[in-house]
Amino acid sequence: AVKFGFTATEYDRLRSEFLSQMEKRYNNRNQTNNSYFGDAYRDHYLSGEPMPSIEQEYQLWNQIAPMIPVEAINYVLPELVSKDDKNVVIINFNPEKEGTVLPVAADLKAALDKGRTAELEAYVDNVKNEPLMTQLPAKGKIVKTETNDKLGFKKLTLSNGATVITKKTDFKEDEIQYYAESKGGSSLYGKEDLANISLFDIAIGASGLGEFDSNELEKALSGKQVNVDLSLSNSYERLEGKSTVKDLETLFQLNYLYFTNIKKDEKSYQRIVSLYSSQLANKGTVPEWVFADSITVTMGNHNWRSTPLDVELLNAANYDRMLQIAKERTANAADFTFYFVGNFDEATLNGFIEQYVASLPSQPGKKENYRNVDERPTGNVVNRFSRKMETPKANSRMVWYTTALPYSLENNVKVQVAGSVLDMVYLQKIREDASAAYSASAAGYAQRVGDKVYTQLLGAVPMQPEKAELALQIMRDEVPALTKSVNEDYLTKTKEQLLKQFDTNLKDNEFWIRALTTYESQGIDLVTDYKKVVNSITPKVVSDFVKTAILSSGNHIEVIMLPE
């Protein structure tokens with residue numbers, strides 16, 4: 001960079017991206033989060049950081065940025081990089097394991113000197129100055145429109161059999177959230193594809209689209225505030241993304257290309273594999289990683305589908321096979337439901353839907369389903385183990401769950417309230433009273449996996465090793481204690497927090513994506529009666545729920561890691 005400078009095209013992309021982000025902030029200036037102002041006030045008070053308004057910033061940068069040429073950047077850059085070794089610090093991290101040869105100071109200095117004298121070539125910035133799609137597909141049609149007044153959305157049926165849900169909002173002036181899903185997911189693939197479904201999201205994320213490889217695509221999207229990602233869960237294939245108003249067509253084009261033309265990029269894939277390989281090689285020496293893997297395996301009942309990602313799986317993955325799986329999962333748009341929530345112009349959105357969604361390849365009438373492959377352990381299960389640690393740490397995760405309850409608004413609220421009350425109990429009794437942990441948390445939620453609904457209470461406490469047994473006993477005791485009494489102050493605080501958060505959620509596009517997905521796929525309205533249900537919760541309701549719904553199942557899982 002110092003020797004050759006940045007290229008004009010590199011700089012143009014960076015400047016375009018910067019101004020695009022500034023424009024998005026300006027357009028959404030009336031919906032700025034409190035945290036932004038808090039950070040600005042802090043930096044102004046502590047270090048004298050200027051604190052202009054977004055209107056002032058937007059105006060200033062649009063005047064200043066176009067006036068700074070790349071030559072000015074390249075002139076300043078050498079002054080920022082030391083030409084000798086007077087102001088150089090080298091920090092070197094190494095795995096502590098048998099057989100590792102640690103470098104000494106002379107080795108590091110030699111590496112630095114070699115870098116300084118290396119034969120360098122100027123970076124060539126190859127840029128494709130062409131559109132994402134040079135030829136547009138033949139348009140389809142919106143053949144049916146239904147309106148849901150209660151939740152304020154429209155349901156469109158397309159000529160290719162696909163379903164689209166749209167909800168226009170004004171929560172943010174310059175944001176449109178996108179989501180699509182279809183049943184199937186990794187459950188449709190067998191053990192021979194374990195490595196491929198484990199690496200699927202990573203591999204597809206490293207691929208290109210259309211005629212653009214991964215690097216070219218990144219350059220082409222510079223200056224645009226838009227993204228779309230394809231992923232695979234246990235039961236679904238999903239696409240998620242968001243865009244600004246002016247970049248909405250680009251979102252539709254990216255989505256179209258994920259369905260029709262994912263570009264193999266072997267070089268990008270191998271770079272990702274190399275990065276993960278170096279990280280995974282030493283994962284067994286990182287206690288936090290070992291603990292997370294232990295939770296995954298235990299909760300998965302040691303089923304092969306719960307195998308954590310490691311170097312062996314990484315090396316067994318087949319990039320071509322993952323691209324084939326992506327083709328299979330996106331072959332039928334009629335099996336997908338597409339969701340768009342945000343500040344769109346309805347006529348413009350519908351035009352893009354007909355151009356880029358109704359034109360997707362489909363097999364109307366053909367519907368796939370997931371396989372019910374998830375299997376948690378039942379009864380009382382304890383995975384307790386110790387690890388050698390340089391800094392002794394203890395960690396614990398406990399789960400109480402049932403599969404006997406249907407997925408409903410009432411059950412969602414009850415388990416959420418129970419989890420929040422338990423969180424306050426743990427914080428008081430484990431951290432404050434017993435001083436057995438720096439943090440203690442709990443939560444309650446319902447989760448659908450295939451046809452099963454897991455309604456569960458979860459406790460997570462990183463403990464002080466010398467007080468681990470005390471913390472564990474409190475964790476175990478306080479869940480059945482909820483069946484006898486519930487702290488009314490904690491319950492009142494919980495209900496106030498839930499109601500306040502709900503009011504915030506009602507003005508959030510991402511919340512509405514989740515709410516509409518639940519309504520469309522399961523017929524459950526999580527919005528209309530939410531406040532009514534929260535206000536109806538009493539201490540007795542919580543106690544009865546924990547006793548008859550959660551604990552009566554007898555399913556209790558513990559994962560405990562202690563230092564040797």
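Refer to the preceding data block for the structure.
Because the structure is a prediction, the values reported are computed rather than measured.

Criteria and cut-off values
Residues numbered from 1 in each chain as written. Predicted model: local features only at pLDDT ≥ 70, side-chain atom pairs only at ≥ 80, totals over all residues. Heavy atoms only, no water. Helix = DSSP H or I, 4+ residues; strand = E, 2+ residues; numbered from the N terminus. Pairing = 2+ DSSP bridges. Axes fitted to C-alpha atoms, helices over the stretch in contact; angles between N-to-C directions. Contact = heavy atoms within 4.5 Å. 1 Å grid on protein atoms, 1.4 Å probe; cavity = no way out; pocket = protein on both sides within 12 Å on 5 of 7 lines; lining within 4 Å. Points joined across faces, edges and corners; volume = space filled by probe spheres on them. Nonpolar A, V, L, I, M, F, W, Y, C, P; charged D, E, K, R; others polar. Core = buried A, V, L, I, M, F, W, Y, C linked by side-chain atoms within 4.5 Å. Buried < 20%, exposed > 50% of the residue type's maximum accessible area, 1.4 Å probe, protein only. Phe/Tyr/Trp six-rings, centres within 6.5 Å; stacked < 30°, edge-to-face > 60°. Lys NZ or Arg CZ within 6 Å of the ring centre and 35° of its normal.

A. Spatial organisation of unusual backbone geometry. With a phi close to 60°, Asn301 is a non-glycine residue in the positive phi region. By secondary structure assignment, the location of Asn301 is in the loop between helix H10 (287–299) and helix H11 (311–316). With a phi angle near 50°, Ser435 is a residue other than glycine that sits in the positive phi range.

B. Broad picture of the sheet that holds strand S6 (residues 226–232). Spatially, the seven strands line up as an open sheet ordered S1-S2-S3-S9-S4-S7-S6, and their pairing is mixed. Two strands lie at the open edges of the sheet, namely strand S1 (142–148) and S6, each paired on one side alone. Taken over all neighbouring pairs, the strand axes of this sheet differ in orientation by 15° on average, direction set aside. Examined bridge by bridge, strand S2 (residues 153–158) and strand S3 (residues 163–168) share four bridges and lie antiparallel to one another. From the neighbouring strand, Lys155 faces S3, where its bridge partner is Ile165. Contacts from helix H8 (residues 248–260) reach strand S4 (176–183), S6, strand S7 (236–243) and strand S9 (337–342), with the element oriented near 25° to S6.

C. Geometry of the layout of surface pockets. By volume, the second largest pocket amounts to about 510 Å³. Looking at the lining of the second largest pocket element by element, the count peaks at three residues for H10. Here the residues of the lining of the second largest pocket are counted per class, giving five nonpolar, five polar and seven charged.

D. Highlighting the nonpolar core. Core analysis: the largest hydrophobic core is formed by 65 residues, its most contacted members being Tyr426, Ile430 and Trp512. Counting residues per element, this core draws most heavily on helix H14 (residues 409–433), at eleven residues. The contacts of Tyr426, once residues within four sequence positions are left out, are Trp400, Arg431, Ala440, Ser441, Ala442, Gly459, Ile474, Met475, Glu478 and Val479.

E. Region of interest: the packing of aromatic side chains. Tallied over the full model, the rule gives 20 aromatic pairs. Arranged with centres 5.8 Å apart and planes meeting at 70°, the rings of Phe153 and Tyr519 form a pair that is edge-to-face. Of the two residues, Phe153 is situated in strand S2 and Tyr519 in helix H17 (residues 509–522); the sequence distance between them amounts to 366 residues. Where Tyr401 meets Tyr454, the ring centres are 5.5 Å apart and the plane angle is 65°; that geometry is what we call edge-to-face. One end of the pair, Tyr401, is in strand S11 (residues 394–402); the other, Tyr454, is in strand S13 (residues 452–463), and 53 residues separate them in sequence. A cation over a ring is seen here: Lys168 above Phe344, with NZ or CZ 5.7 Å from the ring centre. In this arrangement the basic side chain of Arg376 is found over the ring face of Tyr454, its NZ or CZ atom lying 4.1 Å from the centre.

F. Structural context of the environment of Lys24. By secondary structure assignment, the location of Lys24 is in helix H1 (residues 8–27). Each C-alpha atom of the pair Lys24 and Glu173 lies 8.9 Å from the other, and the pair is 149 residues apart in sequence. Beyond its immediate chain neighbours, meaning those up to four positions away, Lys24 contacts Asp174, Gln225, Lys242 and Thr244.

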